[in-house]
Amino acid sequence: MEVLQYDFMQRALIAGLITAIVCPLIGIFVVVRRQAMIGDGLGHIAFAGVMGGYVLGVYPTAVAALVTMLGAGAIEFVRHRHARHADTALAIFFYTGLALAVIFSSMARVPGNGIIGVLFGSILTVTSSDIWLIAGSAIIVLAVMHYYFGRLFLMSFDEDVARVAGINTALVGTIFSMMAALVVVVGMRVVGILLVSSLMIIPVAAAHLMRRGFKATLAWSVVFSIISVLGGLILSFQLDIAPGGTIVITAVAIYLILLSGLGNAISKLLKTARAAGRSADKKNY
Amino acid sequence: MFDITIKDVTFAYGANQVLNNLSLEIAAGDFVAMVGPNGAGKSTLLKMIAGLVRPDGGIVRVAGKEIVAACIAGKIGYVPQHYANNTAGFPATVEEIVALGLNSDGTKKVNRDGARHIVTHMLKLVGMEELRRRLVGELSGGQQQRVMVARALAANPGVLLLDEPTSGVDYDTGTKIYGLLGELNRNLGITIVAVSHDIEKVVRVASKVACINNGICFYGDSSEFRKNHASEPHFFSYQVK
């Protein structure tokens, strides 16, 4: 394939694939916990982190990862301590992040496409260092989410029941928010902080239309996310248009196709095939 | 099976004193119907037993241990009110929800075959085996309550706490749910505490009735309650203790 002949495209594909896998993993919990705006909010904080990195002259993506994780921890702390005012407190966190980003950007010497790249993604300029950071972050996210999967599942279903079952919901919630922060930073290079939340939400929303169980919905989310990232990236290369936006529009297109009824049709087809398989198994047995 | 001791418990929501020096002893294996008027503190008391609400004063013990002790966690099955609100649109199958009861706190190792066996057994107990692959949000209110009871039972709890298990379900379904709870209590010997407004149905299957109205206004055998008090229109206004 022509696109794979270029080093920058190979790096873009690796970064895109990693992002496509981890975004729905966080996104499915974000959706069922009804925290769809958390990705946007963390994106604002990540923006401040990147600009802070430029001011300090330190690797901006790493600073963004650190600042966003700390911000996520603080948000979760406020959410638990002041549950009644959690919404307002979150908004204050997010606006503080955005305000700091604006101030830092006026103080920093940001390279040519820097701010636009942070806001809307610059997957074609991903460096080897970025790949290492993205891959390292993704491994941490995968390991932590694997370990806490059952607890997060029950917490998402009913937080009171989870507490009665002995789960430290404050701790698990904080860890989850920190993982969401890491994924925001991972996705920031691919689609930008303004669109990173879309890669968490849209593939999950599309998979939700298949009306399957939790693990199956997660698996379909990852499939749709990978198709969106790879399809969007190739399309943007062929049409010479912005990759971040093209990836998100591809995800939206998948969602709309499934919304039109194809999701139900595929779901029914799969159920029929599975039922046929089960009855064949019984006959053989 | 666990016994429950509630001793001199007080609790207030701001200036509103909900529970006032309430004491109650529930023996292991009892099925206690907790009844009383709205705002009497029934659900608050149930949440105290579950460890979700701390009393302002007094002690709640389950199996001899104060409820704040972490060792009790995971041994109490809790089915809260209004499940239909949570489950609408939640992407999980019946068997996935029941399996959540097996290792929800992440401390137990259950292999896949063992988990499937336990889930099947629990679904058989509540008569939901045929619907194991259905999305939980697509079930009726009564079916959802059965699934939630199965999930709670999967953790092999010493006590099962239910808050209004028949709210939002029709008459027949309510009768069936209480019938199921009565069977579980008799066959498994599990201690059950159910908060309910559905006095007529719950006292038929419960072994004891606790009437809560700020304090205890009745605590005794359900047969005695049915015989002497159930038909009294102003029963809840009495304050025996």
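Residues numbered from 1 in each chain as written. Chains lettered and ligands numbered in written order. Predicted model: local features only at pLDDT ≥ 70, side-chain atom pairs only at ≥ 80, totals over all residues. Heavy atoms only, no water.

Participant: Quick rundown of the overall build of chain A? Include the residues and the values.
Facilitator: Per the secondary structure count, chain A includes 11 helices and zero strands. Taken against the 2.2 N^0.38 rule, which gives 19 Å for 285 residues, the C-alpha radius of gyration of chain A at 20 Å falls within 12% of a compact globule. Looking at the 285 residues of chain A, the share that counts as buried comes to 50%. Long-range pairs, those at least 24 residues apart, make up 78% of the contacts in chain A with a sequence separation of at least 6. (Helix = DSSP H or I, 4+ residues; strand = E, 2+ residues; numbered from the N terminus. Rg over C-alpha atoms; globule rule 2.2 N^0.38 Å. Buried < 20%, exposed > 50% of the residue type's maximum accessible area, 1.4 Å probe, protein only. Contact = heavy atoms within 4.5 Å.)

Participant: Explain the interface of chain B and chain A to me, using residue names and the numbers behind them.
Facilitator: By convention, interface size is frequently given as the accessible area that disappears when the constituent parts associate. The interface of chain B with chain A comprises 30 residues on the first partner and 25 residues on the second. For the pair chain B and chain A, the summed buried area comes to about 2300 Å², and 63% of that belongs to carbon and sulfur atoms. Looking only at chain B, the three residues that lose the most surface to chain A are Phe90, Pro91 and Leu100 of chain B, adding up to 25% of its buried area. Taken together, the connections running from chain B to chain A amount to one salt bridge. Residue Glu138 of chain B pairs with Arg211 of chain A through a salt bridge whose shortest N-O separation is 2.6 Å. Along the contact surface separating chain B from chain A lie five residue pairs in polar contact (both at pLDDT 80 or more). At the level of secondary structure, the elements contributing two or more residues to the side of chain B that touches chain A comprise strand 6 (76–79), helix 2 (83–87), helix 3 (94–99) and helix 5 (141–154) of chain B. (Buried area = accessible area lost by both parts, 1.4 Å probe. Salt bridge = Lys/Arg side-chain N within 4 Å of Asp/Glu carboxyl O. Polar contact = N/O pair within 3.5 Å; in protein donor to acceptor, adjacent residues only side chain to side chain.)

Participant: If you had to explain helix 6 (residues 171–188) of chain B to someone new, which residues and values would you point to?
Facilitator: Residue and element names in this part refer to chain B. Look at helix 6: 26 Å from first C-alpha to last across 18 residues, which is about the 26 Å you get at 1.5 Å a residue. Of the positions making up helix 6, those classed as buried are Gly174, Ile177, Tyr178, Leu180, Leu181, Gly182, Leu184 and Asn185. At its buried positions, helix 6 is contacted by strand 3 (31–35), helix 4 (112–125), helix 5, strand 7 (159–163), strand 8 (191–195) and helix 7 (199–205). Gly189 sits one or two positions beyond helix 6 and adopts a positive phi of about 70 degrees. (Expected span 1.5 Å × (residues − 1).)

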